[in-house]
Amino acid sequence: MALDPTLAAEIEASVAEGFADQVAHTQALVRFASLRGAEHACQDYVFAQFRARGYATERFAMDRAAIAAHPGGSKIDDALHSDAPIVVCHHRPNTETGRSLILQAHVDVVPTGPLDLWTHRPFDPVVEGDWLYGRGAGDMKAGHAANLFALDALARLGLQPAASVTVQSVVEEESTGNGALMSHLRGYRADAVLIPEPEDEKLVRANTGVLWFAVEVRGVPVHVREMGAGANAIDATYRVIGALREVEARWNAETSAHPHFENEDHPINLNIGKIEGGDWASSVPAWCRIHCRIALYPGVTAAQAAAEIEAAVSRFARSDPFLANNPPRVVFNGFFVEGYVLEAGSEAEAVLGRAHARAIGSPLQSFTSPSYLDTRVHALYDRVPALCYGPTAQNIHGFDERVSLASVQRCTTAMALFVAEWCGTERKAA
């Protein structure tokens, strides 16, 4: 049943009333430099904010053995994987009459790059006009705040969801997805999930899986004056990159075989994200290592894709005069996940569509995303509608990352309306 128009108008007004506080809360989140492995202080702040609102709040560590044993677990690099806790709060209604919901967001952010290329310092949340700047402002601390303030909007009206709501603040979204998986392994389930990533006020219909891997190449070091007698590991690595580009091209040529990707020009992106090697400018380098990311279609398992990567590198090495006797080593060291498709027609999507239409003023659109999303955990392993929908942002993972505050307010309104209709509402206990 559609939400009562009078209640909907009251919710819209309540979101607007609390929006200045929501912006301040988002800025507080951005001030935490919650890079991978350094999310502890931010999670402490989140814990305190959940607890201050009276929610039953807990924090727990990753169970690395359980993650490694699960088919959706990504590879754990002991030196890099975060040990920051997952923070979760629970709302329990007086009477459970509605449908349950998980609201999830991540606090981890990607590195900033050179600071001199930012207009403002990346963890200084400056507002200019409609834009809130800062690393993580869009991806996804604005959405993280929206989860909490959508519930606050109901509380301001003396209301609360008439169903169980779990709010999950996770880490490792930018590198493995193991934080969301750990929440799943903890046993949290709901009838639907909403994750407000910055999606330009659209719903993600399908998204890719992702592999992270490194390729390690060894060379033969000699003095540069005798360069022809050695073997340059960096040069050899560039040849391996060429072979990986062939895999990328082959997978992109298969779009017609994958629903929702038929009209995508280049959904499979191979990124050579980091390169390191050599020890001395006048020595032929003895080693080189590249760190890579590549996407894969829904329905293709990470193991299948990984096997293709390994086979391609091995096949190329056998054809290379030097690498044939010095084969590269491929190591999978992060994301090892498959993508998913959000099947159309769920009641959860219909409810979000009505909420979006009222808050935004136009029909809800969906699109295919060539990126990793934590919604894959809930779609693949809980088999429930997993809705990824959120505000407009620019330059995520880039310089001068920023999020539109007007869009954040519209999406928070849509989310509050969605919660009210999906979960139902009841009066808060005195």
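What you are looking at is a predicted structure, and each value in this text was computed from that prediction instead of being measured.

(A) Summary view of the packing of helix H6 (residues 178–186) against helix H10 (residues 375–382). At a minimum axis separation of 8 Å, H6 and H10 run at an interaxial angle of 40°. Here H10 runs oblique to H6, going by the angle between their axes. Between H6 and H10 lies a crossing whose hand is right-handed. Touching Ala-180, Leu-181 and His-184 of H6 are Arg-376, Val-377, Tyr-381 and Asp-382, all from H10. Counted by class, the contact of H6 with H10 contains 4 nonpolar, 1 polar and 2 charged residues.

(B) Summary view of the pattern of salt bridges. The full count for this structure, using the stated rule, is 18 salt bridges. Between Glu-401 and Arg-135 there is a salt bridge; the shortest N-O distance is 2.8 Å. Of this pair, Glu-401 sits in the loop between strand E17 (393–394) and strand E18 (402–404) while Arg-135 sits in the loop between strand E5 (131–133) and helix H5 (137–156), placing them 266 residues apart in sequence. Relative accessible area serves as the criterion here: at 1%, Glu-401 is assigned to the buried category. When its relative accessible area of 1% is taken as the criterion, Arg-135 is described as buried.

(C) Examining the packing of aromatic side chains more closely. In this structure the tally under the stated criterion is 9 aromatic pairs. With centroids separated by 6.1 Å and ring planes inclined at 50°, the aromatic side chains of Phe-60 and Tyr-188 adopt a geometry described as tilted. Residue Phe-60 is located in strand E1 (residues 56–60), and its partner Tyr-188 is located in the loop between H6 and strand E8 (193–195); the two are separated by 128 residues in the primary sequence. Neither residue differs from the other here; Phe-60 and Tyr-188 are each classed as buried. Relative to Tyr-372, the ring of Phe-335 lies with its centre 4.6 Å away and its plane at 35°, an arrangement referred to as tilted. With Phe-335 in strand E13 (residues 329–337) and Tyr-372 in the loop between strand E15 (366–369) and H10, this pair connects stretches of sequence that are 37 residues apart. Here Phe-335 and Tyr-372 have matching classes, each one buried. Connected via pairs of aromatic rings, a cluster forms that spans Trp-212, Phe-335 and Tyr-372.

(D) Geometry of the nonpolar core. Counting 76 residues, the largest nonpolar core has Ile-11, Ile-86, Leu-101, Tyr-340, Leu-387, Phe-418 and Trp-422 as the members making the most contacts within it. Ignoring any residue separated from it by four or fewer positions in sequence, one finds Ile-86 in contact with Gln-43, Glu-58, Arg-59, Phe-60, Met-62, Ser-169, Val-170, Val-171, Gly-179, Met-182 and Ser-183. Core analysis: the second largest hydrophobic core is formed by 36 residues, Ala-206, Cys-292, Val-313 and Ala-317 among them.

(E) Summary view of helix H1 (residues 5–17). Counted at 1.5 Å a residue, the expected span for H1 with its 13 residues is 18 Å, and the 18 Å between its end C-alpha atoms agrees. Taken together, the buried positions of H1 are occupied by Leu-7, Ala-8, Ile-11, Ser-14 and Val-15. Mapping the buried residues of H1 onto a view down its axis gives an arc of 120°, with all of them on the same face. Those residues of H1 that are exposed and angled more than 90 degrees off the buried face are Pro-5, Thr-6 and Glu-17. Where H1 is buried, its residues contact helix H2 (19–31), H5, strand E6 (159–161), helix H9 (347–360), helix H11 (405–423) and strand E19 (425–427). The backbone nitrogen of Thr-6 lies 3.1 Å from a side-chain oxygen of the residue at the head of H1, namely Asp-4.

(F) The layout of surface pockets, seen in detail. As a volume, the largest pocket reaches approximately 1300 Å³. Val-110, Glu-174, Trp-212, Phe-335 and His-397 are the residues nearest the centre of the largest pocket, which is lined by 37 residues in total. Residues belonging to the lining of the largest pocket are distributed by class as follows: 17 nonpolar, 10 polar and 10 charged. Lining the second largest pocket are 16 residues, with Tyr-340, Val-341, Ala-379, Leu-380 and Arg-383 sitting closest to its centre. Among the secondary structure elements, those contributing two or more residues to the lining of the second largest pocket are strand E14 (340–341) and H10. Of the residues forming the lining of the second largest pocket, the biggest block, 3 residues, is contributed by H10. Of the residues belonging to the lining of the second largest pocket, the class tally is 10 nonpolar, 3 polar and 3 charged.

(G) Spotlight on the sheet that holds strand E11 (residues 270–277). Strand order in the open sheet made by the 4 strands is E11-E12-E10-E13, with antiparallel pairing throughout. On the outer flanks of this sheet lie E11 and E13, each paired with one strand and no other. The sheet shows a mean angle of 15° between the axes of neighbouring strands, direction not considered. Bridge count for strand E10 (residues 209–218) against strand E12 (residues 287–296) is 10 bridges, and the pairing is antiparallel. When the sheet's bridge partners are listed, Trp-212 is paired in E12 with Arg-293. The sheet strands contacting helix H7 (residues 233–252) are E10, E11 and E12, and the helix crosses E12 at an angle near 10°.

(H) How the structure looks around H11. Look at H11: 26 Å from first C-alpha to last across 19 residues, which is about the 27 Å you get at 1.5 Å a residue. Taken across its 19 residues, H11 has 16 buried, putting it largely inside the fold. Once H11 ends, the next one or two residues include Gly-424, with phi positive near 75°.

The rules behind the values
Residues numbered from 1 in each chain as written. Predicted model: local features only at pLDDT ≥ 70, side-chain atom pairs only at ≥ 80, totals over all residues. Heavy atoms only, no water. Axes fitted to C-alpha atoms, helices over the stretch in contact; angles between N-to-C directions. Helix = DSSP H or I, 4+ residues; strand = E, 2+ residues; numbered from the N terminus. Parallel < 35°, antiparallel > 145°, perpendicular 65-115°, else oblique. Left-handed = near helix turned anticlockwise from the far one by under 90°. Contact = heavy atoms within 4.5 Å. Nonpolar A, V, L, I, M, F, W, Y, C, P; charged D, E, K, R; others polar. Salt bridge = Lys/Arg side-chain N within 4 Å of Asp/Glu carboxyl O. Buried < 20%, exposed > 50% of the residue type's maximum accessible area, 1.4 Å probe, protein only. Phe/Tyr/Trp six-rings, centres within 6.5 Å; stacked < 30°, edge-to-face > 60°. Core = buried A, V, L, I, M, F, W, Y, C linked by side-chain atoms within 4.5 Å. Expected span 1.5 Å × (residues − 1). Arc of directions from axis to C-beta. Polar contact = N/O pair within 3.5 Å; in protein donor to acceptor, adjacent residues only side chain to side chain. 1 Å grid on protein atoms, 1.4 Å probe; cavity = no way out; pocket = protein on both sides within 12 Å on 5 of 7 lines; lining within 4 Å. Points joined across faces, edges and corners; volume = space filled by probe spheres on them. Pairing = 2+ DSSP bridges.

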